[in-house]
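# A look at the structure
Below are the chains, spelled out letter by letter.
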Amino acid sequence: MKRLLILLSLPLWVAAKLSAADEIRLPQKKRPNILFAISDDQSYDHTGFSGSGFVKTPAFDRIAKEGVFFSNCIAGSPGCAPSRSSIVTGRYPWQNEQSGQHASSWMKAYVPFVDLLAGNGYYTGYTGKGVDPFQYARDEKDSLWREQNAAGKSFNAIRYKAGDISDIRPAKGISNINYFENFRDFLDKKKDGQPFFFWYGAMEPHRGFEKDSWVRNKKELRDVKVPAFLPDNGIVRGDLLDYAVEIEWFDFHLQKMLEYLKEKGELENTIVIVTSDNGMAFPRAKANGYEYGVHVPFAVRFPKMFPEGRIIDDPVSFVDIAPTILELTGTSSKEMKAMTGTSILGILKEKKQGVVDTTRKYVYSGRERHSASRYLNRGYPQRVIRSKEFLLVWNMKPRRWPAGDPQRIDPADKSKLLPKYGIDDKGVYHSEWAFTDIDNSPTKSFTVAHKDEKEVHRFFEWATARRPEFELYQISSDPGCLKNLYNERMYTTIQGQLKKALMEELIKTKDPRVAGPDPEIFDSYERYSGPMREFPDSGSD
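An account of the accompanying structure is given in this report. (Residues numbered from 1 in each chain as written. Predicted model: local features only at pLDDT ≥ 70, side-chain atom pairs only at ≥ 80, totals over all residues. Heavy atoms only, no water.)

What follows is about helix H6 (residues 179–189). Among the residues making up H6, those that are buried are Tyr179, Phe180, Asn182, Phe183, Phe186 and Leu187. For H6, the arc enclosing every buried residue in end-on projection is 165°, short of the 170-degree limit, so these residues lie on one face. Buried positions along H6 lie against strand S1 (33–39), strand S4 (123–128), strand S5 (196–201) and helix H8 (234–263). (Buried < 20%, exposed > 50% of the residue type's maximum accessible area, 1.4 Å probe, protein only. Helix = DSSP H or I, 4+ residues; strand = E, 2+ residues; numbered from the N terminus. Arc of directions from axis to C-beta. Contact = heavy atoms within 4.5 Å.)

Right under this line is the structure:
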């Protein structure tokens, strides 16, 4: 009160000057840091917190236990580039032109939220895999393209050296980028007191894995739970254990980052978000609109604001991440294209768990071209709607092969075809010859090479055969998405509701596949990375 009276007795200009000086001296509210950790190709079921018996993820489990775990987080796409596009723009891949499509170009018009954080005083950067794979501007000819990765400035200089005593990588397929040391370098370079946003994008568990690395890492085949859509044998179990080794590497570096933040006194002022870009790189998972392709782990920790130890069942989407982060940091979105997602900050701050926001009934996902796997480099367009209980997949081109065409033109002699299904005259399967939307793996090779065996044939069909236009699955009882309920009478009302909601969302968001003017435009976008393959015309539109 005494201070106020003194100020009132001074001339106005003096009081204003003193107030401004005091404002500088008084501590301002400290803005939160953000550590965004994203693995590459990890399905929702493969964390310790989710009950996996063969994947150990103490860092993720800590974030989930001390924070908020979302049991129904759906990626923007079952493929990495379009899914990552959704994260940073708050828009579905089909809304972002080529900047939402795999291995195409990133246009300047699609401003990521990371830029706005930087403009609002945040120090930003990434290590590992950023918003990729996209082609960024190479020279002045690419004047419409973005130059810097949409995840920010790269911090990838510190690397493991093979044979060095410090090289502790548990498998040969693992990237040589030392994620933690690059994170430490990033923090060392920021100004004292400056808030940060850091994108930790591990390259793992993307293919390829070192075959049988699980043996050296002392894992056990008996611990593996094989998803219902894959054959259950030693080859597949070993492949899943090699996948687990790589997930654990991602988690190991996350754990080191958390420990370092605690050491620096920054952990409690850091919002930690952990997820994956899409599902695991196995047949009928990655590059498919099914549960193991689009449902990913998602947990957020910030105890000072978000009540801990809660499991949220509301369906949430990757398009919700950008508006949430912008709201948390008090950052305007006016420089971005209009976001489709909505902030989940209200859910994060609630004390309730289970279903918190009953208005959140549905989330959406979709895919177009994943790799060069069909005649004229065509994709396999899918749109997906997911409720808490059901998943509906719209296969927009059901005459096309979902995993890629079964026969390729011989790159050495374009007048010839390679053997059908990629199986040579010795019975050996060649992964690059057929079904190339499925990443090369022991599981894929076994399933295709043994396709004619009675016990394997159904797995081959589930992975590669043409599919009906619409599929409906009750995911609570059928997470493998194997029993299509679409034509069953008792589910008529549900499939009608889901189809109606999906169509309304696609029209609202101006999906070219349904709202024109060029429904085939996605197949026209140039591809800048990855192998280009040619296939004969199979008459599949």
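So, on to the packing of helix H12 (residues 442–449) against helix H13 (residues 454–464). In helix packing, the relevant descriptors are the interaxial angle and the interaxial distance, both defined with respect to the helix axes. Two elements in contact, H12 and H13, have axes separated by 8 Å at closest approach and are oriented at 115°. H12 and H13 meet at a crossing whose hand is left-handed. Along its contact with H12, which presents Phe446, Thr447 and Val448, the element H13 presents Val456, Phe459 and Phe460. Counted by class, the contact of H12 with H13 contains 5 nonpolar, 1 polar and no charged residues. (Axes fitted to C-alpha atoms, helices over the stretch in contact; angles between N-to-C directions. Left-handed = near helix turned anticlockwise from the far one by under 90°. Nonpolar A, V, L, I, M, F, W, Y, C, P; charged D, E, K, R; others polar.)

Now for the nonpolar core. In this structure, Phe70, Phe113 and Trp199 are the most contacted members of the largest nonpolar core, which totals 49 residues. The dominant element in this core, judged by the number of residues it contributes, is helix H10 (residues 321–328), at 5 residues. When residues no more than four places from it in sequence are discounted, the contact partners of phenylalanine 113 are Ile87, Val88, Phe197, Ala322, Ile325, Leu326 and Met336. Membership of the second largest hydrophobic core comes to 34 residues, among which are Tyr179, Phe180, Phe186 and Leu261. (Core = buried A, V, L, I, M, F, W, Y, C linked by side-chain atoms within 4.5 Å.)

It is worth spelling out the sheet that holds strand S7 (residues 295–296) at this point. Overall, mixed pairing links the 3 strands, which are arranged S7-S3-S10 in an open sheet. The strands lining the two open edges of the sheet, one partner per strand, are S7 and strand S10 (316–317). In this sheet, S10 lies alongside strand S3 (residues 73–74) in parallel orientation, the contact comprising 2 bridges. Considered in S10, the bridge of isoleucine 74 is made with serine 317. (Pairing = 2+ DSSP bridges.)

As a further point, take the pattern of salt bridges. With the rule as written, the count across this model stands at 38 salt bridges. Measuring nitrogen to oxygen at the nearest pair gives 3.0 Å for the salt bridge that ties arginine 360 to aspartate 320. Within this pair, whereas arginine 360 is found in the loop between helix H11 (345–349) and strand S11 (363–367), its partner aspartate 320 is found in the loop between S10 and H10, the two being separated by 40 residues in sequence. Taking relative accessible area as the criterion, arginine 360 reaches 13% and is therefore assigned buried. (Salt bridge = Lys/Arg side-chain N within 4 Å of Asp/Glu carboxyl O.)

This part is about the sheet that holds strand S6 (residues 270–276). Read across the sheet, 7 strands follow the order S4-S5-S1-S6-S8-S2-S9 without closing on themselves; strand pairing throughout is mixed. Every interior strand has two partners, whereas the edge strands, S4 and strand S9 (310–312), have only one. Strand-to-strand, the axes of this sheet are offset by a mean angle of 15°, without reference to chain direction. Pairing between S6 and strand S8 (residues 298–301): 4 bridges, direction antiparallel. Following the sheet pairing, valine 272 is matched in S8 by arginine 301. Taken strand by strand, helix H4 (residues 80–89) contacts S1 and S5, and its axis lies near 165° from that of S1. Lying on the sheet, H8 is in contact with S1, S5 and S6; it crosses S1 at an angle near 170°.

Moving on: the packing of aromatic side chains. How two aromatic rings sit relative to each other is given by the distance of their centres and the angle of their planes. If you walk through the whole model with that rule in mind, you get 35 aromatic pairs. Aromatic side chains phenylalanine 113 and phenylalanine 197 sit 5.3 Å apart centroid to centroid with 80° between the ring planes, which places their arrangement in the edge-to-face category. Remark: phenylalanine 197 occurs in strand S5 and phenylalanine 113 occurs in helix H5 (residues 113–119); sequence separation between them is 84 residues. Geometrically, the ring pair formed by phenylalanine 390 and tyrosine 491 is edge-to-face, given 6.0 Å between the ring centres and 65° between the ring planes. Taken as a pair, phenylalanine 390 in strand S13 (residues 390–395) and tyrosine 491 in the loop between strand S14 (470–474) and helix H14 (492–508) lie far apart in primary sequence, 101 residues in all. Relative accessible area serves as the criterion here: at 10%, phenylalanine 390 is assigned to the buried category. An aromatic cluster is defined as three or more aromatic residues linked by ring pairs; in this entry it consists of Tyr123, Phe155, Phe183, Phe186, Phe196 and Phe198. Geometry around tyrosine 260 places arginine 184 over its ring, the cationic atom sitting 5.4 Å from the centre. Here the guanidinium or amino end of arginine 466 rests over the ring plane of tryptophan 401, the centre of that ring lying 4.1 Å away. (Phe/Tyr/Trp six-rings, centres within 6.5 Å; stacked < 30°, edge-to-face > 60°. Lys NZ or Arg CZ within 6 Å of the ring centre and 35° of its normal.)

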